[in-house]
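# Fold and contact review
Chain residues, written in single-letter form:
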Amino acid sequence: MGAKKAEPAGAGAEKTRPAPAQRQAPGAKVKSVELPEAIAVSNLANVLGTSPIEVIKQLMRQGVMANINQVISYEIAAGVASAFGYEPKETRRRGLAIAGKRPAAPQKGELRPPVVTILGHVDHGKTTLLDAIRQSNVVATEAGSITQHIGAYQVETDSRKITFLDTPGHEAFTAMRARGAQVTDIAIVVVAADDGVMPQTVEAIDHAKAADVPILVAINKIDKPNANIERVKKQLADMGVLIEEWGGDVVCVAVSAKKREGITDLLENLLVVAEVLELKADPHRPAQGAVIEARLDKSRGPLATVLVQNGTLRIGDIMVAGNAWGRIRAMFNDRGKHLKKAEPATPAEVLGLNSVPRAGDTFTIVPNERQAKELLQRQQEEQKQALGARRLATLDSLAAQISAGEVKELNLILKTDVQGSIEPIRDSLERLHTEQAKVRVIHSGSGSITESDVLLALASKGIIIGFNTPIEPGAKRLAEVEGVDIRSYQVIYNLVDDVNKALSGLLKPATVEVVEGRAQVLAVFPVKKLGKVAGARVVEGRVSRDSPARVLRSGKVVHDSRVASLKHYQEFVTEIGPGQECGIGIEGFADFEVGDIIETYRRQQASSP
Ligand code: GDP
């Protein structure tokens, strides 16, 4: 191939040779055209009022090989525009060409590799794509060396590096963020061409948007006979994700992870997006970053994969990572090779911590042991306070913060029973605003409230609104532990009214239900007068007589009243503890089935701990 591949945005301008047909006559009036920092060939053709083929031909004259979807830099596009008789001007600042990007905060230091996470619906090929990328880029000398899973890896393309987090999926992505670590610069959203946009695709996109992380769409499985790339593009457009070809600015690449096709194109486009983001870090300072994953190795002790976000990490450094600390004794890369240092955006497995930190913990380097201990103590105190503060992230406390002018946006996650309920509720909510604040629905969907919803609420300081939909047990526990407010409604009016009151700062503290105990029904006995009682075992907490209680079947509430009778063997008792078997009678209920869960709870003011 004579012509070189299109250089990503920001590459030096090619020497241009004007397109003979469009050469300007002397004195002809020159039209000016504004071009962004990076633009797809198809968009450039639109702007110049010509066909993409003409643009591609001109690019070839400039010595650049590019396809219709490829993004080219301003410098190259400007060359094309001049050849077509335009006077090019660069629009806006760098960084504005990519949708969903973070506001281009000026960053100091030297350019660093982007950190990329792969998101998308289950089975759409996230893991296969990660493998394909890794294998497509094994450096020749290292070919054949065994790669090992350390939670992140780096590939090199055009002598530039890209770091991939090896834990695909938006739950891991948001869980890290909920712990305070925002490590991802770009999210690849994988959509299988044969399956199209699915609920978790929508979730993934919402999670990336809530984190202000730009999206690059990889349409995967294009090798499949029933692949329909156009349908995916249309579905994306329908949900407001406009790809470049459709006049938007989201980069979209078609790949087959299985057949290893389109991988180079994908990597090049990632570099283009990274270029636009101008990611920088200062390698000449002590390292700081985040823990990607950690484990206890039987022979080597605590091992943590960390991602250096700024500075340079060196052997001998004293690291404080979450509640762990220690002097770094050794470091390895994802090929098990010893590292002496790790520069910005480099993942490294480190050895020497005294305990196992958690994924999402941030780390810092301190000059000596004394400072390590001081920092640990300070962090622990801050954690306690943060826990207290998080408990206050309820609708009423947000209402108070709104009226105090501290919060301008009320972040909501809306889950409904059926798809059809989303639009009307969302519309009513988004119409609400006061001078002080407005509503932002960061994610909506139908189905039960999941752990991933709770994580998103936690990471975005938002609350969850459920409309006629159950809460998954795991989500309920996580919300209780983390202090995330889940509000359930059966009537749209009440839902909208509460949010409206919160916006106006008028909401009175509501009561919330705190689960006290759970018992599983093992048998059902008829009992005179009482009808039927459940023979049950307490599986969690305690069950008390007269306590409010509900009966759950397959996660759904079938009855809600109170514990009318409680018996341990032949004795009536007032309370029964975990692991014990008992007979439970529920007021007004006789339809127990084996496997039902009896949940007892108390009501308390929402903002009390
Ligand atoms: P994940 O759940 O998103 O991580 O999906 P996986 O990577 O586990 O892939 C799910 C299934 O799709 C596996 O059977 C893969 O072999 C298959 N798959 C992944 N990518 C492709 C592809 O490009 N083409 C075809 N035909 N199958 C693929």
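Structure first, text after, so check above.
Our subject in this report is the structure included herewith. Bear in mind the structure is a predicted one, so any value in this text is a computation, not a measurement.

### Considerations on the packing of helix α1 (residues 41–48) against helix α2 (residues 52–61)
Following both chains from N to C, one finds α1 and α2 inclined at 110°, their axes separated by 8 Å at the closest point. Relative to α2, the element α1 is oriented roughly perpendicular. Contact residues: Val41, Leu44 and Ala45 in α1; Pro52, Val55, Ile56 and Leu59 in α2. Per-class residue counts for the contact of α1 with α2 are seven nonpolar, no polar and no charged.

### Considering the site of the ligand
Taken together, 15 residues are adjacent to the ligand, and Asp123, Lys126, Thr127, Thr128 and Asp223 come closest. A distance of 2.5 Å separates an oxygen atom of the ligand from a polar side-chain atom of Thr127. Measuring from an oxygen atom of the ligand, one finds a side-chain N or O atom of Ser256 at 3.3 Å. Sorting elements by how many residues they give to the shell around the ligand places helix α4 (residues 126–136) first, with three residues. Broken down by class, the residue content of the shell around the ligand amounts to two nonpolar, seven polar and six charged.

### Examining the sheet that holds strand β11 (residues 186–192)
Taken in spatial order, the six strands make up an open sheet running β9-β10-β8-β11-β12-β13, and their pairing is mixed. The open sheet terminates on both sides in strands that have one partner only, identified here as β9 (152–157) and β13 (251–254). Direction aside, neighbouring strands of the sheet carry axes that sit 30° apart on average. Note: β11 against strand β12 (residues 215–220), six bridges, orientation parallel. The residue of β12 that forms the bridge with Ala192 is Asn220. Lying on the sheet, helix α7 (residues 229–238) is in contact with β11, β12 and β13; it crosses β12 at an angle near 150°.

### Some words on the pattern of salt bridges
Scanning the entire structure with this criterion turns up 33 salt bridges. Measuring nitrogen to oxygen at the nearest pair gives 3.9 Å for the salt bridge that ties Arg440 to Glu409. Of this pair, Arg440 sits in strand β26 (residues 438–446) while Glu409 sits in strand β25 (residues 409–416), and the two are 31 residues apart along the sequence.

Basis of the calculations
Residues numbered from 1 in each chain as written. Predicted model: local features only at pLDDT ≥ 70, side-chain atom pairs only at ≥ 80, totals over all residues. Heavy atoms only, no water. Axes fitted to C-alpha atoms, helices over the stretch in contact; angles between N-to-C directions. Helix = DSSP H or I, 4+ residues; strand = E, 2+ residues; numbered from the N terminus. Parallel < 35°, antiparallel > 145°, perpendicular 65-115°, else oblique. Contact = heavy atoms within 4.5 Å. Nonpolar A, V, L, I, M, F, W, Y, C, P; charged D, E, K, R; others polar. Near = heavy atom within 4 Å. Polar contact = N/O pair within 3.5 Å; in protein donor to acceptor, adjacent residues only side chain to side chain. Pairing = 2+ DSSP bridges. Salt bridge = Lys/Arg side-chain N within 4 Å of Asp/Glu carboxyl O.

What is shown is where atoms sit, not what they do.
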